[in-house]
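Descriptive structure summary
Take a look at the letters that make up each chain.
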Amino acid sequence: MDDRRPTTDDRDTSPSAGPRPLAVGRPSLIIFQAGVLPAASPIEALVAQAWFAATLDLLTNTSISDAFDQVILVTEDSVLRDAALALSDTWPNKVPLHVETRPSDGFHFGENLRAVCKSYNLQRVVYVGGGSMPLGTPQDLHDLAIAVSGEGECVVSNNLYSADQIAFYPASALDRIALPTADNDLAWLLHYRAGLPFAPTPRTLAFNFDLDTPTDLATLWWSTQSPPLNRLLDPHLATIISRVPEATLTLASTIERAYKVMSTRRAELLVAGRLSSWVWRRLETNLPCQTRILSEERGMRASGREAQGEVRSLLGLYTDLAGIPGLISALEQTSNAAFLDTRVLFAHRRLDVSPHDRFASDALQPDQISDPWVRELTEASVSSSIPIVLGGHSLVAGGLWAFSERVRGSASAAS
């Protein structure tokens, strides 16, 4: 069985490979992680607990990487703050950890990031969202540090259109742009507006699996139950992931049904949403089933199309004509399982869907949804004769990729 680390290249990520030296200077690592809202639903609370766990594992891996001048954690959650500070006392490499309070009301990502950079007089920065590298290793973090350790200006990210990790130099480039409200748009703005040369991170699962929604929790749970991903979860997150089957019974069952389709030769899998060409290539490499791909509206947030109401989706236009029952019927006639990036559909219909409703839809809990259109879509998906998995961009990026790695591992084991 091929049990290598799942990646599009053959890098040696073991400690024996030895870290490459930093060229000029060590960057600082900045991690933003929000807290849990007091009125959070059980599924929202579970996702937040996973973010916290992934953040603690990320901090430990940062220490092991021995590549950063300091770590700055920005959070308003006292539980996460205390856990992080206690954890830092156990680190073998005593990289300084600073915890800054993130405002719970009126938070603006770009303004807070610039304020942290100015407060600490930073120039070389690696920014990582707390849940954005759940499969990352110390070597991956070392690679991010190297990206901004040279003399030239640059921005390096896993996704120019929807970034989760961003390494950039100099930090003063933040003064050249209209600061974004969310991290996803930062790399795009630093490249196209501030003029920093762009380079992508390596095309590996570690840089492209983002823990963002309930669906991401479920795909990570299922994907790590067997080789080749079963050894990649770090201890804090592994504890939370083990709760997924009980906490999301319908979603977990749907994920398992979808996996069986993906593992079946001659079955048809449909994927719709902001799917990149390199994830599509991974699916072609890893899956025995046939795939129908509808890739649309990549960069809809960073380009401003979503904010300006300009998003147009072919699947959305079909739904406008045939209604949600017609959409589900079409999916059932053309595929044996479907993965839908529902944020494109929401933007097409110009819906302002609350985080609560988005998470409830992803978790396939229609009774918890207030928006009538989102509730109808979720109910129809649950009642469909085929497994329909709903989620955001991360579902049709790292989620599908991780899924396909388990399929490949199972096929290798069976051969």
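Reading guide: rules and limits
Residues numbered from 1 in each chain as written. Predicted model: local features only at pLDDT ≥ 70, side-chain atom pairs only at ≥ 80, totals over all residues. Heavy atoms only, no water. Pairing = 2+ DSSP bridges. Helix = DSSP H or I, 4+ residues; strand = E, 2+ residues; numbered from the N terminus. Axes fitted to C-alpha atoms, helices over the stretch in contact; angles between N-to-C directions. Core = buried A, V, L, I, M, F, W, Y, C linked by side-chain atoms within 4.5 Å. Buried < 20%, exposed > 50% of the residue type's maximum accessible area, 1.4 Å probe, protein only. Contact = heavy atoms within 4.5 Å. Expected span 1.5 Å × (residues − 1). Bend = angle between axes of the 7 residues up to and from the residue. Polar contact = N/O pair within 3.5 Å; in protein donor to acceptor, adjacent residues only side chain to side chain. 1 Å grid on protein atoms, 1.4 Å probe; cavity = no way out; pocket = protein on both sides within 12 Å on 5 of 7 lines; lining within 4 Å. Points joined across faces, edges and corners; volume = space filled by probe spheres on them. Nonpolar A, V, L, I, M, F, W, Y, C, P; charged D, E, K, R; others polar. Salt bridge = Lys/Arg side-chain N within 4 Å of Asp/Glu carboxyl O.

Observations regarding the sheet that holds strand E2 (residues 70-75)
If you trace the seven strands from one edge of the open sheet to the other, you get E3-E2-E1-E4-E6-E5-E7, paired in mixed fashion. Lying at the two open borders of the sheet, with one neighbouring strand each, are strand E3 (97-101) and strand E7 (198-200). Here the strands of the sheet are splayed against their neighbours by 20° on average, with no regard to which way each runs. In this structure, strand E5 (residues 154-157) lies alongside strand E6 (residues 165-169), joined through four bridges in antiparallel fashion. Following the sheet pairing, Cys154 is matched in E6 by Tyr169.

Describing the nonpolar core
With 103 residues, the main nonpolar core has Leu237, Leu331, Phe339 and Leu340 as its most contacted residues. Of the residues forming this core, the biggest block, twelve residues, is contributed by helix H1 (residues 42-65). Every residue in contact with Leu237, bar those within four places of it in the chain, is listed here: Ala50, Ala53, Ala54, Asp57, Pro134, Leu211 and Leu220.

Quick look at helix H12 (residues 314-334)
With 21 residues, H12 extends just 15 Å between its outermost C-alpha atoms, more than 12% less than the 30 Å of an ideal straight helix rising 1.5 Å per residue. Of all the bends in H12, the greatest reaches close to 115° and is centred on Gly323; the proline Pro325 follows between one and four positions later. Every buried residue belonging to H12 is among Leu315, Gly316, Thr319, Ile324, Gly326, Leu327, Ile328 and Leu331, and all of these are buried. Next to the buried residues of H12 lie strand E8 (268-273), strand E9 (290-295), strand E10 (337-341), helix H13 (342-348), helix H15 (372-383) and strand E11 (388-391). For H12, the capping residue at the N-terminal end is Ser313, with a side-chain oxygen 3.2 Å from the backbone nitrogen of Leu315.

Section: the side chain of Thr224
Note on placement: Thr224 falls in the loop between helix H7 (214-223) and helix H8 (235-241). In this structure the side chain of Thr224 is engaged in a polar contact, spanning 2.7 Å, whose partner is the backbone oxygen of Leu220. Apart from the residues lying within four places of it in its own chain, the contact partners of Thr224 are Leu229, Asn230 and Leu233.

Re the pairing of E5
The alternating pattern of E5 places Cys154 and Val156 on one face and Val155 and Ser157 on the opposite face, and all of these are buried. As paired strands, E5 and E7 are joined by three bridges and run parallel to one another. Looking at the pairing, Val156 lines up with Ala199 of E7.

Section: empty space enclosed by the protein
Tallied over the entire structure, the rule returns three cavities of 30 Å³ or more. As for the largest cavity, its lining consists of 15 residues, and the residues nearest its centre are Asn158, Asn159, Asn208, His393 and Ala397. Listed by contribution, the elements that provide at least two residues to the lining of the largest cavity are helix H11 (277-286) and helix H16 (395-414). Of the residues that constitute the lining of the largest cavity, the class distribution is three nonpolar, eight polar and four charged. There is about 60 Å³ of room inside the second largest cavity. Taken together, Ala54, Asp57, Leu58, Asn61, Met133, Pro134, Gly136, Thr137, Leu141 and Asp234 make up the lining of the second largest cavity. If one sorts the elements of the lining of the second largest cavity by residue count, H1 sits on top with four residues. Split into classes, the residues belonging to the lining of the second largest cavity amount to five nonpolar, three polar and two charged.

Brief notes about the pattern of salt bridges
Applying the stated criterion to the full structure yields twelve salt bridges. For Glu297, the salt bridge goes to Arg305, with nearest N and O atoms at 2.7 Å. Its relative accessible area of 13% is what places Glu297 among the buried residues. Judged by relative accessible area, which is 24%, Arg305 ranks as partly exposed. Overlapping salt bridges bring together Arg114, Lys118 and Asp175 as one network.

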